[in-house]
Structures are given as structure tokens and as C-alpha cells.
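Letter by letter, the chains look like this.
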Amino acid sequence: MTIAITKYPAKENLAKVAKNLGLDEGILFLKGDIIKERHDTDVELEFRQESNFYYITGYNEPNAHVMYDLKTRKLTLIVYAMPENNIAWLGAPLTESELLAQYDVDEIRSSSDLVKVLNGSNVSTLHTLRKEDVPAGVHLTIDTTRLADALVNARMYKSAYEIAHMRKINHISSNAHIECMKRAKHCKNETELEAIFRYETWRFGARFQAYTPIVAAGSAAATLHYTRNNRPFAKDRGQLCLLDCGAELDCYASDITRTIPLSGKFEGDARVLYETVLDMTNQCLAAVKPGVEWEDIHRLSLRVGAEGLQRAGVLKQEYSVEEMTRHHMGLDVHDVGGYPAGVERLQEPGIRYLRMRRPLEVGFVVTVEPGIYFTEFLLSEAKKKPELAKYIDWDMLESRFQPLGGVRIEDCVVVTETGHDNLTTVPKEIAEIEALMA
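This section reports on the structure supplied with the text. (Residues numbered from 1 in each chain as written. Predicted model: local features only at pLDDT ≥ 70, side-chain atom pairs only at ≥ 80, totals over all residues. Heavy atoms only, no water.)

**Describing the sheet that holds strand β2 (residues 65–69)**
Part 1 of the argument: Across the sheet, six strands lie side by side as β4-β3-β2-β1-β5-β6; this open sheet has mixed pairing. The sheet is open, and its two borders are formed by β4 (107–110) and β6 (141–143), each paired with just one other strand. Sheet twist, expressed as the average angle between the axes of neighbouring strands with direction ignored, equals 25°.
Part 2 of the argument: Bridging between strand β3 (residues 75–79) and β4 involves four bridges; their strand directions are parallel. Across the sheet, Thr76 pairs through a bridge with Glu107, a residue of β4. (Pairing = 2+ DSSP bridges. Helix = DSSP H or I, 4+ residues; strand = E, 2+ residues; numbered from the N terminus. Axes fitted to C-alpha atoms, helices over the stretch in contact; angles between N-to-C directions.)

**Considering the sheet that holds strand β8 (residues 214–217)**
Part 1 of the argument: Spatially, the three strands line up as an open sheet ordered β8-β9-β12, and their pairing is antiparallel. The sheet is open, and its two borders are formed by β8 and β12 (256–261), each paired with just one other strand. This sheet shows a mean twist of 10° between the axes of neighbouring strands, independent of strand direction.
Part 2 of the argument: Where strand β9 (residues 240–245) meets β12, six bridges bridge the pair, whose relative direction is antiparallel. Across the sheet, residue Cys241 finds its bridge partner in β12, namely Ile260.
Part 3 of the argument: Strand contacts of helix α8 (residues 190–202): β8 and β9, with the helix running at about 150° to β8, the strand carrying the most contacts. (Contact = heavy atoms within 4.5 Å.)

Dropping the structure here:
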């Protein structure tokens, strides 16, 4: 599958930010990220550009700055002035003409001229995210009150370019998940599966992961952000294994979860649990469309999950489901824009930790990721509370379902005019997964 990616549309993104600022003049100024080192060593950590900086430049090199004149619409990229004695170690930097050809900017300046460039801009106010990002000696008025919201409200709505880029990285990551399914029967531990995923994404150009991969077999799947990924698989292969893995390409993220049976077959209680989460997933995906409140989709997930657990016998039949009863994506795996100004977190159980609370709109890219987890600590706390414990058949739960750990299924979707466009292409139906693992 070939997906064409064109020159990064920096000025298109800047136009959205400038419109949100609503100002006729001033300088928009951002500092890119820097090279960092391990404590007390000269060993460099892998560089990843600051997301807001990348959004308005597409420039993924360290020690850079950018300024944009809101009146003249002139975009200036200020690149690191590399000392000559560093070239032997790092290689020669791109020339001015090469930078202008590669990036959607009007001017290239050197970081050695940074203060002079800013002071010579003939404006009174510089808009930035953090006052400490502005170098000493700059005489402009510094305003840190406007730019953050302007960036958030631009980045929330993904452009055609961004969606194409995210489709590409989701395609790469989806194929890596498929390879993990195909090769899981030959793996002896979580580490081997993580290595397969990393290899399959890196070899197609996605060198970095959007987050630390989660490969959690059996009870480890009950820990939502388990990242040890070092446990051996049971000798009888009678475990489920949750893989929450997504690579990053040019700073754009993917986020995908699949849960697979290490035996190659969904059987018994594991099949029942997986079918319940699959039903949650499919119903939630069908509900994604403009205008739907995100917490309502979460409530739908909780209801469908509770109904499934009640059919399985984990939740008692004598109580009604009503009585018993994700996040933005883009340049960051948990992208900006989760809570609008003035919107507070809901405190009802099961919803208080939602990373987003707003109605869905066209151009949003979100994850739909229902899951059921049998977390020992949380269950032990619930068992102490009669008002919660009464709903659960504890013998059924502890003997049959708690050892399964948990199941999660996660897709990345774009909200469209008519519903959604699923960027994730990994199979999730039982027959498809079993066929891949055969």
C-alpha cells in the first residue's frame, strides 16, 4: 500500500493558529526541543521534536526556533548555528537553499542572530508558550496568555495532510500487529513479541514508538500501563496476551490494541470475555459521529460490557444493568484538546478518568478502546464495600475470570460528516485472528 505524503504544510497550519489568535500584528514565537543527555554523561538521548513546534514548521532537528509575523505572514525558521568543530561528529547541516527547498518557510536565519532578529521585527508583542523560551536581551512585550489555546484549537482538527500521515503510520503499525499474530505461536515470552513489533515498524521507516509498547500476558493485562514486557508465557499457552503498541512517523502517532489467544484459539471463558469487549467495540464505533458527546460513548461501552458480564455470570442477574452501572490523537498519542475551558471532569465512577470531554466534531482523530480488566487491587477494594460487592458473583470471578487479566481492543478513527473513518486495519473478529495465528 502506497500513501503519498507531500511537503509539510506549515503555513496552512499557521493560518489556523493565527485565525484563532485573532490578532492583526505581533510575533508568534516557539522554541524547538534540544538534545538531552543522560545524567552525568555525554550519552545523548534520542531526539524528538516538541509537538507544537513541529506542527507549525515540520522541522525535526534540535536547537531551532521559529517566528511568524502575524501582519506580514512571514515565517522565519531559525536554525542552530553549528560550530565548525562539531561537523566532524554530526555531519554538515543543510544549507540555506536546501532548507528553503525542503520546508514551507520564507526565510532561514542562524541562531547566532536570534536576539537581533526578534528585536528587529518592528512589533511590540511576542506571543509564546513559556516566558523562559525567550532569550535574554529581547525587548518585546512577552504574552503567554493566548498562544496555547490558539494552538490547541488548531491541532484538534486534523487536515487532509495529517489524516494521510496518520493513515500511513496506522497502516505500518497495523501490519506489525498482524505479524505479531502470525508469529506469536513461536514466541516464548512477552519480550519476543515486543521485538517483533518494533522490528516490523522500524523496517518500514517508523523508527520511534509513540509510547512504550505494552505486551501483557495473562494477569499482567489487568495493569493498564504495564510495560515490563519480560514475563514468560505459560507452558500450556492457555493465556490471552494484550498488545497495546503503536509506532510514530515524523512525529505523528498511532495507538492500537489487540488481544490474542496464545494457543491460537479463543476458548471457554476467554472467548466469552473477548466477545463481550468486541461487542463493546463495535457498538461504540457505530456510535461515533459528529455531535455525539464523548462521555455518552463511554457510557455505552460500560452498559454493553456490564450486559456481557451479566450474561457470563460474573455480575448477578437480580440487579439491573442501569443500577450497576477515550482521547484525541495526532502529534501526541494523547493529543491536545481533551477538556475545553470551563468543562470540569465528571466524577461518576468509570468516567472520572476520561481524557476527553467534548462533543465529537468532523476532523477529530480519536481512539475507541473499550476494555474489561480484572485488577486485583481494585477488586479487593470493591469486595470490602457491601454496596459494590453485592453485584458480583465472587466465586465465578475469582476462579474463572480474574486469571484472564483483561481484554482491550483499540482503533484510531477520524470523525467524518457521516460517521467515522477507521485508520486501523488490524483484524479484530475472532475468526480472522484465529486464521492469522493458525
